[in-house]
Amino acid sequence: MRVIAGKARSMPLITPKGDGTRPTTDRIKETLFNTIQAYVPDAVFVDLFAGSGGVGIEALSRGAKKAYFIDNSREALDCIRKNLEFTGLADKAVVIGRNAFDSFYEIDDKADVIFIDPPYALGVESDIMQLIRDRGCLKEDGIVIIEADIGNDLSGIESIGYELYKEKLYKTNKHVFYRQV
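Keep in mind that this is a model prediction, so the values were computed, not measured. (Residues numbered from 1 in each chain as written. Predicted model: local features only at pLDDT ≥ 70, side-chain atom pairs only at ≥ 80, totals over all residues. Heavy atoms only, no water.)

Engineer: What should I look at first to understand the overall build of the protein in this one?
Structural biologist: A tally of helices and strands in the protein yields five helices and seven strands. Along the protein, helices (α) and strands (β) appear in the sequence α-β-α-β-α-β-α-β-α-β-β-β when read from the amino end. Computed over C-alpha atoms, the radius of gyration of the protein comes to 15 Å, within 12% of the 16 Å expected from 2.2 N^0.38 for 181 residues, which places it in the range of a compact globule. Summarising its shape, the C-alpha atoms of the protein cover approximately 40 × 35 × 30 Å along the three principal directions. Taken across its 181 residues, the protein has 48% of its residues classed as buried. Charged side chains of the protein number 24 positive and 28 negative; the gap between the two group centres comes to 5 Å. (Helix = DSSP H or I, 4+ residues; strand = E, 2+ residues; numbered from the N terminus. Rg over C-alpha atoms; globule rule 2.2 N^0.38 Å. Buried < 20%, exposed > 50% of the residue type's maximum accessible area, 1.4 Å probe, protein only. Lys, Arg positive; Asp, Glu negative; His and termini not counted. Charge placed at Lys NZ, Arg CZ, Asp CG, Glu CD.)

Shown next, in the form of structure tokens:
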């Protein structure tokens, strides 16, 4: 796994050992950032269930002004910190070692982009989207992207007050893009 573009282009990233995380592959990460490239420069980016931090680091490398990395695994947090130091992007990062629900109380900024990549079996997407709305975490023109198993039905999220505006399907997973309405 590596940084695809920007300031830290081609720098390798480490990932937590074992199968506790599912790092987003370089190919899928490149497709994701090609889709959201207009949102990234000068953005506040939230990488929720950050794992190795690869997605948030990609955002910083491409010009985001600040990124929050949230995970509750000690090994993942250690990886994130090492990757941020190695890429020289630590000064633009806030690493929060808490569960996803509690972490929103530690984010000081409204986000331009929130990337959510929970373990697929957790089924917390709707609850997190409700919390984002209730806490006012997203800027008015911001977006939320959920990475999910390709068979995961996320249709209930629209009833919370979000508009699905794009969906990218891959072999086994998908990215679903939302705006608040």
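Engineer: Is there a simple way to think about the pattern of salt bridges in this case?
Structural biologist: Side chains that differ in sign of charge can pair as their charged atoms come close. According to the stated counting rule, one finds 10 salt bridges in the structure shown. Of the charged contacts, one joins Asp-26 and Arg-2 as a salt bridge, the two residues approaching to 3.5 Å between their closest N and O atoms. Of the two residues, Asp-26 is situated in helix 1 (residues 26-36) and Arg-2 in the segment before helix 1; the sequence distance between them amounts to 24 residues. The salt bridge partner of Glu-58 is Lys-29, with a shortest N-O separation of 3.9 Å. (Salt bridge = Lys/Arg side-chain N within 4 Å of Asp/Glu carboxyl O.)

Engineer: Looking at this structure, I do not really get unusual backbone geometry. What am I missing?
Structural biologist: Peptide bonds are, in most cases, trans, and in most cases residues other than glycine have a negative phi. Although it is not a glycine, Ser-10 adopts a positive phi angle of roughly 70 degrees. With respect to the helices and strands, the residue Ser-10 is situated in the segment before helix 1. Even without glycine at this site, Asp-42 takes up a positive phi of about 60 degrees. By the element assignment, Asp-42 lies in the loop between helix 1 and strand 1 (44-48).

Engineer: What is the right way to look at the nonpolar core in this model?
Structural biologist: Nonpolar side chains in soluble globular proteins generally cluster together in the buried interior. Counting residues in each nonpolar core, the largest one holds 29 residues, and the members touching the most others are Phe-104, Ile-114, Ile-116, Ile-128, Met-129, Ile-132 and Ile-146. Within the residue set of this core, elements represented by two or more residues are strand 1, strand 2 (66-70), strand 4 (111-116), helix 5 (125-135), strand 5 (138-149) and strand 7 (173-180). The contacts of Ile-128, once residues within four sequence positions are left out, are Leu-48, Phe-49, Ala-100, Phe-101, Phe-104 and Ile-116. Membership of the second largest hydrophobic core comes to 27 residues, among which are Ala-43, Ile-80, Phe-115 and Ile-143. (Core = buried A, V, L, I, M, F, W, Y, C linked by side-chain atoms within 4.5 Å. Contact = heavy atoms within 4.5 Å.)

Engineer: Quick question: what am I supposed to make of the side chain of Glu-125 here?
Structural biologist: Inspection of the secondary structure puts Glu-125 in helix 5. Using a relative accessible area of 4% as the deciding quantity, one classes Glu-125 as buried. Polar contacts involving the side chain of Glu-125 include one to the side chain of Asn-152, which spans 3.3 Å. Leave out the neighbours within four places in its chain, and Glu-125 touches Pro-118, Ile-146, Asn-152, Leu-154 and Ile-157. (Polar contact = N/O pair within 3.5 Å; in protein donor to acceptor, adjacent residues only side chain to side chain.)

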